[in-house]
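# Understanding the architecture of this molecule
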4 protein chains.
Amino acid sequence: MVTKSDYLHTPVEHIDVTQFNPVPLVEAMGRTAFTARDLARAADITHRMVADRDCGVILCLAGSLVSAGLKKVFADAVRCNMVDAIVSTGANIVDQDFFEGLGFRHWVGEEKLRSGMFDAELRDLHIDRIYDTLIDEDELRTCDDTTRVIADELEPRPHSSREYIRAMGAYLDKNGCKTPDSIVYEAYRADVPIFCPAFSDCSAGFGLVAHQHARGDGPKLSLDSAKDFYELTQLKIANPTTGLFMVGGGVPKNFAQDVVVAADVLGREVPMHKYAVQVTVADVRDGALSGSTLKEASSWGKVDLAFEQMVYSEATLAVPLLFGYAYHKGAWKART
Amino acid sequence: MVTKSDYLHTPVEHIDVTQFNPVPLVEAMGRTAFTARDLARAADITHRMVADRDCGVILCLAGSLVSAGLKKVFADAVRCNMVDAIVSTGANIVDQDFFEGLGFRHWVGEEKLRSGMFDAELRDLHIDRIYDTLIDEDELRTCDDTTRVIADELEPRPHSSREYIRAMGAYLDKNGCKTPDSIVYEAYRADVPIFCPAFSDCSAGFGLVAHQHARGDGPKLSLDSAKDFYELTQLKIANPTTGLFMVGGGVPKNFAQDVVVAADVLGREVPMHKYAVQVTVADVRDGALSGSTLKEASSWGKVDLAFEQMVYSEATLAVPLLFGYAYHKGAWKART
Amino acid sequence: MVTKSDYLHTPVEHIDVTQFNPVPLVEAMGRTAFTARDLARAADITHRMVADRDCGVILCLAGSLVSAGLKKVFADAVRCNMVDAIVSTGANIVDQDFFEGLGFRHWVGEEKLRSGMFDAELRDLHIDRIYDTLIDEDELRTCDDTTRVIADELEPRPHSSREYIRAMGAYLDKNGCKTPDSIVYEAYRADVPIFCPAFSDCSAGFGLVAHQHARGDGPKLSLDSAKDFYELTQLKIANPTTGLFMVGGGVPKNFAQDVVVAADVLGREVPMHKYAVQVTVADVRDGALSGSTLKEASSWGKVDLAFEQMVYSEATLAVPLLFGYAYHKGAWKART
Amino acid sequence: MVTKSDYLHTPVEHIDVTQFNPVPLVEAMGRTAFTARDLARAADITHRMVADRDCGVILCLAGSLVSAGLKKVFADAVRCNMVDAIVSTGANIVDQDFFEGLGFRHWVGEEKLRSGMFDAELRDLHIDRIYDTLIDEDELRTCDDTTRVIADELEPRPHSSREYIRAMGAYLDKNGCKTPDSIVYEAYRADVPIFCPAFSDCSAGFGLVAHQHARGDGPKLSLDSAKDFYELTQLKIANPTTGLFMVGGGVPKNFAQDVVVAADVLGREVPMHKYAVQVTVADVRDGALSGSTLKEASSWGKVDLAFEQMVYSEATLAVPLLFGYAYHKGAWKART
Ligand SMILES: NC(=O)c1ccc[n+]([C@@H]2O[C@H](COP(=O)([O-])OP(=O)(O)OC[C@H]3O[C@@H](n4cnc5c(N)ncnc54)[C@H](O)[C@@H]3O)[C@@H](O)[C@H]2O)c1
Ligand SMILES: NC(=O)c1ccc[n+]([C@@H]2O[C@H](COP(=O)([O-])OP(=O)(O)OC[C@H]3O[C@@H](n4cnc5c(N)ncnc54)[C@H](O)[C@@H]3O)[C@@H](O)[C@H]2O)c1
């Protein structure tokens, strides 16, 4: 009989960009064409925003990047002071990063699983699939439940996701971070705020629903997404020069871009984001936010035109080259 | 000198599927191949979920669908009892639908604007661009501000987005809905709940930030996204047979799928969503949620395998055919 | 035991655009946004090129359009004088259209076959798969062989593909066209030339290899692709106002665009193609020809800028709407 | 006044994969997910086909790869005996590679040119655009004309494109190859055949039309694409173990796959292609050849299932990593 361990045997291993120096390759790409040239320009802008010591760098994460082996890239970026705030989907931060921090792993799924023909079998085995990667659903329920435990211990009032995620970092600090290179844990230690503007839309949502259900009409924790927005806007006001490094699009991209307008609404004129890089496969033609050009964002007064670059590539290919470039150029050494 | 009115002269007009009967066309497509065959199957499933009188239909909206002229399709679907709940991005509901309800319009942008070469000029004119569509930014600020006014009048406690959006509907009822076919207004009248799980990520976010800023340390309205999730989960529990009609992916898709698991977390075994249709241009290969197959969702225990269909098409082409089909098949006449 | 007939039971049926009038739908789409608005503009340009009685309309076909159920659309276009020349891949003309003319059919493949998990089984059963459509490989070999028979009967000299395809039409005329609405046969009857610039890259290639092999060192038929180019260039010279209706990209798109330059090489200054519509899913970002914009083609002096429109959509959705529009607008009635 | 030199100042420089060792990076990618994992598997298969000394490697090239800076990658592959035959579009071989061999260059186009807003100006300046790369049209006419000169000197009989391209190599040998790393020239020296099955669809087409026009009814060169197919089929028969490395899809992909069937038509049972790698951005959902899976090709009896991998990426990103991997693994050193 097929069991879980027939599927869950080879863990995803996080790529370590400190080990490969792509600077000469990326520079050579800059003299070619198409996506390679775009990628080289984006690498240069990434380097510039890190080298600009006045620049607050906001890292935006959508998609399933942590389960896909990019966790250490972002944890290293935090450790090297290359990142001053993170805006992410909940999946990356809770279901994937915090989940691994609790000691669990993601697993390499055989290629044939992508066909969808085995999903009923996976379901019976309590295995969840993300394209070509597998998760033990029972472990995920432990993760959900841990988020409830954290909620139970927090003050029963509206929290921003940032406050809550900081409590997750504290939890890992107290209970031990069981796998290395956790974004949540490194951000906790470096005091880098993490925002998940759609926070209930992840494993934490399950924990919070359980928390609220248990509390009934009594005082309970709630998640104030307006507070998130208010907090990030205040960061922008305090830190006028900013750069966006966006992997994927979705809510994090829009949320981080919008703070320029929000500052204006609060009566504070702040400059647009000075630097902006986005890695995405989303297309411009559906008119949706993910694929909208950074030029379009400039019509909204959100992103400046001088240093912006889209890279149309799946993230697992482009992100190691981009962060590898910025890491090996070394401008982060002068940041604090 | 170029002025706003040089750009903003031709309004987007919402397509009216009650006027075109695509049933024979769609049925013929079902005997061909590729996307046409997929679309025909999705149309059939849409018809089935409407014809299933036990089925609670959840409409999920991402992208910029209202500005793109699809508002009346969804308003008609609400009016015809084809929809029992809506999960959307804030952009569709607040910046676009409520915005039009206040009497404003979206404008047809000339094709050349897509090139991005005119965005600096648009910025100077206070015109915002969504691909090939234009918005008067000053009008949008009025919309932002109206959301603040609504927040100021609500009880200073955590609200779900559903509660807040209902107040927006009441506002339109009281002050007059200035353009016809508002989703917010029709849903208010028909008592169809609308959820925006990432509610601060839209025009309302600006209003709420202003509200919270003005209130300072005093009592203030907050937006509880966990409450949203709890409420939609309770709807699922009350309404075991459910179907999803998803336009685009993003947070709405995931949020609506997750309630099956949330019910389980609350100790209630509920069936997976029985019907699921998604129209999207997102690709499966980035491993992100928007493009993930509905089969993959079944590995997570969220969507059943019997009646699911993806349609890979930009929404403005596929949605009029799909809803036109369901409308003209007429099964909604038996719904209440 | 699984047999061929377990797979090959439901034939693809060709869509009949004379039966559905999409004019009001397409016109309404023109007042919306995104792809729908593009499609409406493309429909208008299609109508204009048909209404322009001086305009020679060149239909370009790539991909697997005939197997996908679009054969009758193009056969009707020929019958209605909407098309003056066709440039196609060999697959559409030989493997699919002529194949059906010989009495064979394409079959609807179950959705699960797309997963690729059944391809070994299909191979054993001599069934070939095109995404979700199936072909009896033994029948295809009959088609290959018929192309050899035709080659054997032709004069042993260089032929353009046009000459050869005309002989295929004559073959159907003599032996009976066994399924209705053959493009090859209708074009034969209407004296509309068909060019396949990469003619050996299809079923006919097999027949021709067999022919040349059998002839050994003796006189044999050869396929002169330069002659094709020369002939189409002469058509352009004779017919200065031209329009391109392109489904897919590939060789047909480039070949038909290039005749403007070829005329110039022959010392004849001819105008660029005045009208150009392309339906494709190819992306611009790979720099390849299929997705290159029609504006880019104008830098090469091939396509005029006034009436050009790309429609980014899979053909089975867009083509019935576009040709349905042109058909029901009826301008073809004035053509001869 | 704007002149050509305002646009044509920075040449595209061809990337040199011998200078960067991506082996550790690619191996690490193999333990992650999505496209990175696919790329690592494709790199491994590429290495295997090179290491298999019985394997004839067929390199298939579509798109605009040479103008995009990948010329040296393929020239190096030929020099290192990693390639035994090439099947390409004419654009890569004639308009781009041979063109550079004549001493001309491709130029980096500014990013804004992609918008299409400058194409009329480019046209007036005789500059042709390929997405973000520029060509001097007058130089291209020289290239066209050189192909005519070559045709004039060849025997007036049907030629395969391979014969003709060999004459182009001889031309470069005689007149000097004016820029290094020409694929045509290196293939000429190494006796690696190059096939362009749609040969008239490129710069050579213009030369050949001029040639045939000048010859009138007299004896003239013709281009026999059936002969191409026959010749490549004979190579396959002589060389039963084969591998395909395909960049892009289109005619080269189909043509190279088809020889398995053609051999069968000639009564020779040959094995399917044992190895197959394809780098493409084409999607499977349009049912066209470019994006069709290599599994689908196995239903046609063309490609074996054991060692096949698609990499969905724009070529300028993936090809340097794939060939860099194979180069630095060094298995080519044992090939002759
Ligand atoms: N779209 C806007 O102009 C806009 C404006 C203000 C705020 N926002 C906010 O940004 C966030 C993300 O917005 P989003 O939903 O645009 O993100 P998104 O771009 O991530 O869209 C989600 C997915 O839906 C699909 N999709 C969207 N439009 C489609 C269409 N027309 N046809 C087919 N598929 C389509 C795409 O596959 C996409 O991947 C939301 O919170 C929203 O409120 C968006
Ligand atoms: N397609 C087949 O099944 C098949 C079978 C036998 C031989 N061939 C041969 O292979 C060669 C290349 O074939 P091809 O034309 O399929 O190549 P292709 O995949 O390169 O298609 C060309 C372009 O047309 C567009 N396109 C194709 N089908 C489309 C659709 N349904 N909707 C929208 N856009 C679409 C795509 O953008 C694609 O990039 C030809 O010589 C052909 O004769 C193809």
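Owing to the predicted nature of the structure, the values given are computational and were not obtained by experimental measurement. (Residues numbered from 1 in each chain as written. Chains lettered and ligands numbered in written order. Predicted model: local features only at pLDDT ≥ 70, side-chain atom pairs only at ≥ 80, totals over all residues. Heavy atoms only, no water.)

### Some remarks on the interface of chain A and chain C
The interface is formed by twelve residues belonging to chain A together with twelve residues belonging to chain C. Summed over both partners, the interface of chain A with chain C buries about 970 Å², with 62% contributed by carbon and sulfur atoms. The largest share of the area that chain A buries against chain C comes from A:Phe34, A:Met117 and A:Arg285, three residues that together contribute 54% of it. At the junction of chain A and chain C, the tally comes to two salt bridges. Linking chain A with chain C are two residue pairs in polar contact (both at pLDDT 80 or more). Among the residues forming the side of chain A that touches chain C, the class breakdown is five nonpolar, three polar and four charged. (Contact = heavy atoms within 4.5 Å. Buried area = accessible area lost by both parts, 1.4 Å probe. Salt bridge = Lys/Arg side-chain N within 4 Å of Asp/Glu carboxyl O. Polar contact = N/O pair within 3.5 Å; in protein donor to acceptor, adjacent residues only side chain to side chain. Nonpolar A, V, L, I, M, F, W, Y, C, P; charged D, E, K, R; others polar.)

### With respect to the relation of the copies chain A and chain C
For the pair of chain copies, the relating operation is a rotation around an axis with a shift along it. Its rotation angle being 180°, the transformation that places chain A on chain C also includes 0.0 Å of axial translation and leaves an RMSD of 0.0 Å. Taken together, these values place the two copies in the relation of a two-fold axis. Within chain A, A:Ser115 has its C-alpha nearest the rotation axis, a separation of 2.4 Å. An overlap of 100% is found between the interface residues of chain A and their copies at the interface of chain C, pointing to a shared contact surface. (Least-squares fit on C-alpha atoms with pLDDT ≥ 70 in both.)

### Thoughts on the site of ligand 2
Around ligand 2, the surrounding shell holds 26 residues, and the nearest of these are C:Gly63, C:Asp201, C:Glu314, C:Ala315 and D:Ser290. Two or more chains meet at ligand 2, and those chains are chains C and D. In this structure, a nitrogen atom belonging to ligand 2 sits 2.8 Å away from a side-chain N or O atom of C:Ser64. Within the backbone of D:Leu289, a nitrogen or oxygen atom sits 2.9 Å from an oxygen atom of ligand 2. Residue assignment for the shell around ligand 2 shows that the elements contributing at least two residues are α5 (90-101) of chain C together with α12 (250-265) of chain D. Looking at the shell around ligand 2 residue by residue, the class counts come to nine nonpolar, 13 polar and four charged. (Near = heavy atom within 4 Å. Helix = DSSP H or I, 4+ residues; strand = E, 2+ residues; numbered from the N terminus.)

### Quick look at the relation of the copies chain B and chain A
The two copies are related by a screw motion: chain B maps onto chain A through a turn of 180° and a shift of 0.0 Å along the axis, at an RMSD of 0.0 Å. Of the interface residues in chain B, 100% have counterparts in chain A that sit at the interface too, so the contact is made through matching surfaces.

### Details of empty space enclosed by the protein
A complete count under the given rule lists twelve cavities of 30 Å³ or more for this structure. Reported here for the second largest cavity is a volume of approximately 850 Å³. A:Val284, B:Arg114, B:Ser115, D:Arg114 and D:Ser115 are the residues nearest the centre of the second largest cavity, which is lined by 37 residues in total. Contributing elements (two or more residues each) for the lining of the second largest cavity: α13 (294-299) and β11 (303-312) of chain A together with β11 (303-312) of chain C. (1 Å grid on protein atoms, 1.4 Å probe; cavity = no way out; pocket = protein on both sides within 12 Å on 5 of 7 lines; lining within 4 Å. Points joined across faces, edges and corners; volume = space filled by probe spheres on them.)

### Some remarks on the packing of aromatic side chains
Here the distance between the centres and the angle between the planes together describe a pair of aromatic rings. By the definition in use, this model includes 40 aromatic pairs over all chains. Summarising the aromatic geometry, the rings of D:Phe229 and D:Phe255 are spaced 5.2 Å apart at their centres and angled 50° between planes, so their arrangement reads as tilted. Remark: D:Phe255 occurs in helix α12 and D:Phe229 occurs in helix α11 (residues 225-238); sequence separation between them is 26 residues. These aromatic residues form a ring-pair network of at least three members: A:Phe74, A:Phe245 and A:Phe323. The cationic tip of B:Arg285 hangs over the ring face of D:Tyr312; the distance from NZ or CZ to the ring centre is 3.4 Å. (Phe/Tyr/Trp six-rings, centres within 6.5 Å; stacked < 30°, edge-to-face > 60°. Lys NZ or Arg CZ within 6 Å of the ring centre and 35° of its normal.)

### Let's talk about the site of ligand 1
Close to ligand 1 lie 26 residues; A:Ser290, B:Gly63, B:Asp201, B:Thr280 and B:Glu314 are nearest. Close to ligand 1, residues of chains A and B are found. A:Ser290 is positioned with one of its side-chain polar atoms (N or O) 2.5 Å from an oxygen atom of ligand 1. Between ligand 1 and B:Gly90 there is a distance of 3.3 Å, counted from an oxygen atom to a backbone nitrogen or oxygen. Look at ligand 1: alone it shows 800 Å² of surface, and the protein chains cover 95% of it. At the level of secondary structure, the elements contributing two or more residues to the shell around ligand 1 comprise α12 (250-265) of chain A together with α5 (90-101) of chain B. (Areas by Shrake-Rupley, 256 points an atom, 1.4 Å probe, with all protein chains shown as cover.)

### Side note on helix α9 (residues 183-190) of chain D
Residues and elements named next belong to chain D. Taken together, the buried positions of α9 are Ile183, Val184, Tyr185, Glu186 and Ala187. For α9, the elements touching its buried residues are α4 (66-79), β2 (85-88), α5 (90-101), α8 (161-175) and β7 (194-195). Taking the backbone nitrogen of Val184 as reference, a side-chain oxygen 3.3 Å away marks Ser182 as the first, capping residue of α9. With its phi angle positive at about 60°, Asp191 sits one or two positions after the end of α9. (Buried < 20%, exposed > 50% of the residue type's maximum accessible area, 1.4 Å probe, protein only.)

### Things to note about the interface of chain B and chain A
Counting residues at the interface gives 62 residues for chain B and 62 residues for chain A. At the boundary of chain B with chain A, total buried surface from both sides reaches about 5600 Å², with 60% on carbon and sulfur atoms. In terms of surface lost to chain A, no three residues of chain B exceed B:Tyr131, B:Phe206 and B:Trp300, which account for 12% of the buried area on that side. A salt bridge links B:Glu296 to A:Arg129; the shortest N-O distance between them is 3.8 Å. Linking chain B with chain A are 26 residue pairs in polar contact (both at pLDDT 80 or more). If you list the elements that add at least two residues to the side of chain B that touches chain A, you get α6 (119-124), β4 (127-130), α7 (137-153), α10 (203-215), β8 (222-223), α11 (225-238), α12 (250-265) and α13 (294-299) of chain B. For the side of chain B that touches chain A, the leading source of residues is α12(B), giving eight residues.

### Brief notes about the state of the cysteines
Under the defined criterion, the tally for this structure stands at zero disulfides over all chains. For the unlinked cysteine D:Cys196, the closest cysteine sulfur is that of D:Cys202, found at 6.3 Å. (Disulfide = S-S within 2.5 Å.)

### Observations regarding the environment of B:Thr293
When you line up the elements, B:Thr293 lands in the loop between β10 (273-280) and α13. Distance in space between the C-alpha atoms of B:Thr293 and B:Gln278 is 9.2 Å, their sequence separation being 15 residues. Discounting chain neighbours no more than four positions away, the residues touching B:Thr293 are A:Arg129, B:Val284, B:Met310 and B:Tyr312. From its side chain, B:Thr293 meets the backbone nitrogen of B:Glu296 in a polar contact 3.0 Å long.

### Let's talk about helix α10 (residues 203-215) of chain A
A rise of 1.5 Å per residue sets the reference length of α10(A), with its 13 residues, at 18 Å; its end C-alpha atoms lie 19 Å apart and thus fit the reference within 8%. For α10(A), the tally of buried residues reaches ten of 13 residues, placing the bulk of the element in the interior. Along α10(A), the positions that sit buried rather than exposed are A:Ser203, A:Ala204, A:Gly205, A:Phe206, A:Gly207, A:Leu208, A:Val209, A:Ala210, A:His211 and A:Gln212. Of the surrounding elements, those touching the buried residues of α10(A) are α5 (90-101), α7 (137-153), α8 (161-175) and β8 (222-223) of chain A together with α11 and α12 of chain B. At the exit of α10(A) stands A:Gly216, carrying a positive phi of roughly 55°. (Expected span 1.5 Å × (residues − 1).)

### Describing the confidence of the model for chain A
Here chain A shows a mean pLDDT of 96. Residues at 70 or above account for 100%. Overall fold confidence (pTM) sits at 0.97, and the ipTM for the predicted complex is 0.96. (pLDDT = per-residue confidence, 0-100.)

### Comments concerning the packing of α10(A) against α11(B)
Running from N to C, α10(A) and α11(B) point in directions that differ by 80°, and their axes come no closer than 9 Å. With respect to α11(B), the element α10(A) is oriented roughly perpendicular. On α11(B), the residues touching A:Gly205, A:Phe206, A:Leu208, A:Val209, A:Gln212 and A:His213 of α10(A) are B:Ala226, B:Lys227, B:Phe229 and B:Tyr230. Here the residues of the contact of α10(A) with α11(B) are counted per class, giving six nonpolar, three polar and one charged. (Axes fitted to C-alpha atoms, helices over the stretch in contact; angles between N-to-C directions. Parallel < 35°, antiparallel > 145°, perpendicular 65-115°, else oblique.)

### Some details on unusual backbone geometry
Residues and elements named next belong to chain B. Even without a glycine there, the phi angle at Tyr131 is positive, about 50°. By the secondary structure assignment, Tyr131 is in the loop between β4 and β5 (133-136). By relative accessible area, Tyr131 is classed as buried at 7%.

### Structural notes on the sheet that holds β11(C)
Residues and elements named next belong to chain C. What the six strands build is an open sheet, ordered β7-β2-β1-β9-β10-β11; its pairing is parallel. Looking along the sheet, the strands with just one partner apiece sit at the ends: β7 (194-195) and β11. Pairing of strand β1 (residues 56-61) with strand β9 (residues 242-247) involves six bridges; the strand directions are parallel. Within the sheet, the bridge partner assigned to Ile58 lies in β9 and is Leu244. Across the face of the sheet, helix α12 (residues 250-265) comes into contact with β1, β2 (85-88), β9, β10 (273-280) and β11 while running at roughly 170° to β10. (Pairing = 2+ DSSP bridges.)

### Side note on the sheet that holds strand β10 (residues 273-280) of chain D
All names here are of chain D. Strand order in this open sheet of six strands is β7-β2-β1-β9-β10-β11, and the pairing throughout is parallel. Unpaired on one side and paired on the other, β7 and β11 (303-312) mark the two borders of the sheet. Bridge count between strand β1 (residues 56-61) and β2: four bridges; the pairing is parallel. Paired with Leu61 across the bridge in β2 is Ser88. The sheet strands contacting helix α14 (residues 315-329) are β1, β9 (242-247), β10 and β11, and the helix crosses β9 at an angle near 145°.

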